[in-house]
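Residue-level listing of the chains:
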Amino acid sequence: MRFRDTMICVLCGLAGAALLIAASTRLDGIHEARVAMNLVSNEPLENAPPSLAFATVAMGAFRGLVVDILWMRADRLKEEGQFFDAKQLAEWITALQPRFAAVWDFHGWNMAYNISVAVPNTQPEERWRWVRNGYELIRDKGIEKNPHSIILYRSLAWIFQHKISGVTGDCHMYYKRELALAMQPLLGDKTKEEFAALAAAPRTLKEVTADAKVAEFVDALRRSDPAFADDGKLVGNYLSLRQNPSRFAAQAHEVINQWRDKETLRTFDVFARAWQLRNVWKFDIDLMIRLNDRYGPTPPDDPNDHGPLNWEHPDVHAMYWAQRGLDVASKPGTYSIDEKNTDRIIFHSLQSLYRTGRLILYDLPDQEPAVFVRPDLAMFDTCNQEWIMTIEKYEDLENSNPKAVRGGHRNMLTNAVFMFYQAGQQAKAASILAELRQRYGHEREDFNVPL
């Protein structure tokens, strides 16, 4: 009996060893698959102290302990107001936890909100730098590594909607101006045809220079100034040249003048603007067109004729990222508070656009342009329709009681009655009041008074 037990143990040991050997032959394939799916997170820490760099490598699977220590340290620095040191720790934490969306969410918010306001409001350019750092961290790195995390799209949209478009910050008008000035030269004449041309533009420098005339123009530009020698910087420097020629050699501006009335310059100009939208702003131009067609302003006589949105306005950026998040990460038929909050960003942005959608840059002598915002009543119908669709969506998901959606719609309609009446559009004000009575007259008696 003892011999039999011994043989069973030996056979089991041999079987186990064989299974381990067989499993080990699959490791290379599994690792290659993880690399292909971008699931390997072993990026080295840059500028880290040697002790930390050693710990993250040497501890292997226990690097989570290092991350916990960094989190506690970052939180302590934040409480002490040492935001700049906390930012460095944030970069290390995101390198160690690239697949944890909440890390990117927290650190993007920390830069855009906490660190930015640690700078005196007498330095709006520095505040803006930190706001930009916050949304760029989420947009350029966080979403790249977590493309299906709806909280990152929502958080990115929130920075544009609340921090830049909102009015609570001391420097909000500066933020609006900087965003508008950055977007203004990229959009051309802002027509449907212009957006179609941008969408059809070549995606790479190699593609656009396949045209012999464009290649000739680019070669002339390269010879005019060394700034255009680097392919990676050529497009950005070209756009800067068109806006501020004094930054470059006079010969570069002469090249522009030589080609100014030729189709070649137009071709390269459209390519450069499309390249900047795609690679710097991370926009899908086809999605921009889809948003124009769905949410753009409409004339009073045709609510289905949508014009292009005002992409210089931060609320349009908020809508873009909220819609992109819904496109890639929503779960139809399933209730999610993150999805609901992303939906709310869209209709609140539309409300902001009808209230402040006309963003005007007024040039001043020897100063930066002044910024003014005015209502764009052509955005109202789109806002109202989208809000009603969202109410219907969450009536189904929340048992006919969509919280934080229906009440906001009632308040929006109430405000709209006053806005259209004061704008002299009494017929429109009366129709909105009729809708207000029909939908919410049972809730408030003052909706039943004459216009």
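Predicted model only: the values in this text are computed from it and were never measured.

J.: Quick rundown of the overall build of the chain? Include the residues and the values.
T.: Secondary structure summary: the chain contains 21 helices and two strands in total. Overall, the chain is about 100 × 70 × 45 Å in size when its C-alpha atoms are taken along their principal axes. The burial tally for the chain puts 43% of its 451 residues in the buried class. Contacts in the chain between residues far apart in sequence, at least 24 positions, make up 63% of those at least 6 positions apart. Total accessible area on the chain stands at roughly 23,700 Å², and carbon and sulfur atoms take up 54% of it. Taking the average place of the 53 positive charges on the side chains of the chain and the average place of its 59 negative ones, the gap between the two points comes to 4 Å.

J.: So, the side chain of Thr414: which residues are in play, and what are the values?
T.: Within the fold, Thr414 resides in helix 20 (residues 406-422). Given a relative accessible area of 17%, Thr414 falls into the buried group. Setting aside residues no more than four positions away along its own chain, Thr414 makes contact with Leu436 and Phe447.

J.: Residue-level account of the pattern of salt bridges, with values.
T.: A side chain with one charge may pair with a side chain of the opposite charge, provided their charged atoms come close. Evaluated as defined, the whole model comprises 24 salt bridges. A salt bridge links Glu398 to Lys340, with the shortest nitrogen-to-oxygen separation between them at 2.9 Å. With Glu398 in the loop between helix 19 (380-397) and helix 20 and Lys340 in helix 18 (residues 337-356), the pair connects residues that are 58 residues apart, well separated along the chain. In this pair, the class of Glu398 matches that of Lys340, namely buried. Put simply, Arg358 and Asp376 hold a salt bridge, and the shortest N to O gap is 3.8 Å. Note that Arg358 is positioned in strand 1 (residues 358-362) and Asp376 in the loop between strand 2 (370-374) and helix 19, a separation of 18 residues in sequence.

J.: Provide a residue-level description of a nonpolar patch on the surface, including the pertinent values.
T.: Residues Phe3, Met7, Val10, Leu11 and Leu14 make up a contiguous nonpolar surface patch of about 520 Å² in total accessible area. Summarising the element assignment, Met7 is placed in helix 1 (residues 2-24).

J.: I'd like to hear about unusual backbone geometry, residue by residue, with values.
T.: A positive phi is found at Asn399, a non-glycine position, where the angle reads about 55°. You will see that Ala404, though not glycine, has its phi angle at about 60°, which is positive. Structurally, Ala404 can be placed in the loop between helix 19 and helix 20. For Ala404, a relative accessible area of 46% gives the class partly exposed.

J.: Just give me the short version of the nonpolar core, but keep the residues and values in it.
T.: If you look at the biggest cluster of nonpolar residues, it comprises 100 residues, and the most contacted ones within it are Phe217, Tyr238, Phe268 and Trp311. Ranked by residues supplied to this core, first place goes to helix 8 (residues 150-164) with nine residues. What Tyr238 contacts, discounting residues up to four positions off in sequence, is Phe217, Leu221, Phe228, Ile256, Leu265, Phe268, Asp269 and Ala272. Judged by nonpolar contacts, the second largest core, of eleven residues, contains Leu77, Leu89, Trp92 and Leu96.

J.: Explain the packing of helix 16 (residues 285-295) against helix 17 (residues 314-329) to me, and be specific about the residues and the numbers.
T.: With their axes 11 Å apart at the nearest point, helix 16 and helix 17 run at an angle of 105° to one another. Classified by the angle between their axes, helix 16 and helix 17 sit roughly perpendicular to one another. Contacts between helix 16 and helix 17 involve Leu287, Met288, Arg290, Leu291, Arg294 and Tyr295 from the first element and Met319, Tyr320, Gln323, Arg324 and Asp327 from the second. Here the contact of helix 16 with helix 17 is built from residues that sort into six nonpolar, one polar and four charged.

J.: Any details on the pairing of strand 1? Residues and values, ideally.
T.: Burial along strand 1 is one-sided: Leu359 and Leu361 are buried, and none of Arg358, Ile360 and Tyr362, which face the opposite way, are. Two elements, strand 1 and strand 2, share five bridges in a ladder whose sense is antiparallel. Bridging across to strand 2, Leu361 finds its partner in Val371.

J.: Which residues make up the state of the cysteines, and what are the values?
T.: Summed over all chains, the structure comprises zero disulfides. Of all cysteine sulfurs in the structure, the one in Cys12 sits closest to Cys9, which takes part in no disulfide; the separation is 6.6 Å.

J.: Quick rundown of the environment of Ala274? Include the residues and the values.
T.: Counting through the fold element by element, Ala274 comes out in helix 15 (residues 263-279). Note on Ala274: relative accessible area 0%, which makes it buried. Sequence separation of Ala274 and Ile285 is eleven residues, and the distance between their C-alpha atoms is 7.9 Å.

J.: Describe the packing of helix 6 (residues 101-118) against helix 7 (residues 124-145), naming the residues involved and giving the relevant values.
T.: Packing of helix 6 against helix 7 brings their axes to within 7 Å, and their N-to-C directions diverge by 175°. When the axis of helix 6 is compared with that of helix 7, the two are roughly antiparallel. Of the residues in helix 7, those in contact with Trp104, Asp105, His107, Gly108, Met111, Ala112, Ile115, Ser116 and Val117 of helix 6 are Arg127, Trp130, Val131, Asn133, Gly134, Leu137, Ile138, Lys141, Gly142 and Lys145. Of the residues in the contact of helix 6 with helix 7, the class split is nine nonpolar, six polar and four charged.

J.: Kindly report on the environment of Ala404, identifying the contributing residues and their values.
T.: When the C-alpha positions of Ala404 and Ile345 are compared, they lie 12 Å apart, and in sequence the two are 59 residues distant. The contacts of Ala404, once residues within four sequence positions are left out, are Arg344 and Phe347.

Rules used throughout
- Position numbers for residues start from 1 in each chain and track the written sequence from start to end.
- Restriction of local features to residues with pLDDT of at least 70 applies here, the model being predicted, together with a cutoff of 80 or more for giving and counting side-chain atom pairs; totals for whole chains, interfaces and linings are based on all residues.
- Only hydrogens and water are set aside; all other atoms, that is, all heavy atoms of the structure, feed into the side-chain values.
- Helix numbering and strand numbering both begin at the N terminus, where a helix is a DSSP run of H or I of at least 4 residues and a strand a DSSP run of E of at least 2.
- Burial classes follow relative accessibility: with a 1.4 Å probe on protein chains only, a residue under 20% of its type's maximum area counts as buried, one over 50% as exposed, and anything between as partly exposed.
- By the convention used here, residues are in contact when the closest approach between their heavy atoms is within 4.5 Å.
- Note on areas: Shrake-Rupley with a 1.4 Å probe; residue coverage comes only from the protein chains shown.
- For the charge count, each Lys or Arg is scored as positive and each Asp or Glu as negative, with His and the chain ends excluded.
- Taken as the charge centre is NZ of Lys, CZ of Arg, CG of Asp or CD of Glu, depending on the residue.
- We define a salt bridge as a side-chain nitrogen of Lys or Arg found within 4 Å of a carboxyl oxygen belonging to Asp or Glu.
- Residues enter patches when they are more than 30% accessible in relative terms and free of salt bridges; like-charged ones are connected within 9 Å and nonpolar ones (Val, Leu, Ile, Met, Phe, Trp, Tyr) within 5 Å.
- Buried residues of nine kinds, namely Ala, Val, Leu, Ile, Met, Phe, Trp, Tyr and Cys, make up a nonpolar core once their side-chain atoms join them within 4.5 Å.
- In this analysis an axis means a line fitted to C-alpha atoms, helices contributing only their contacting stretch, and an angle means the value between N-to-C directions, from 0 to 180 degrees.
- Any angle that falls under 35 degrees is termed roughly parallel, while one over 145 is termed roughly antiparallel, one within 65 to 115 roughly perpendicular, and all others oblique.
- Residues are grouped as follows: Ala, Val, Leu, Ile, Met, Phe, Trp, Tyr, Cys and Pro are nonpolar; Asp, Glu, Lys and Arg are charged; every other residue, Gly included, is polar.
- In this scheme, strands are said to pair when DSSP sees at least two bridges between them.
- In this description, a disulfide is simply a cysteine sulfur pair whose atoms lie within 2.5 Å.

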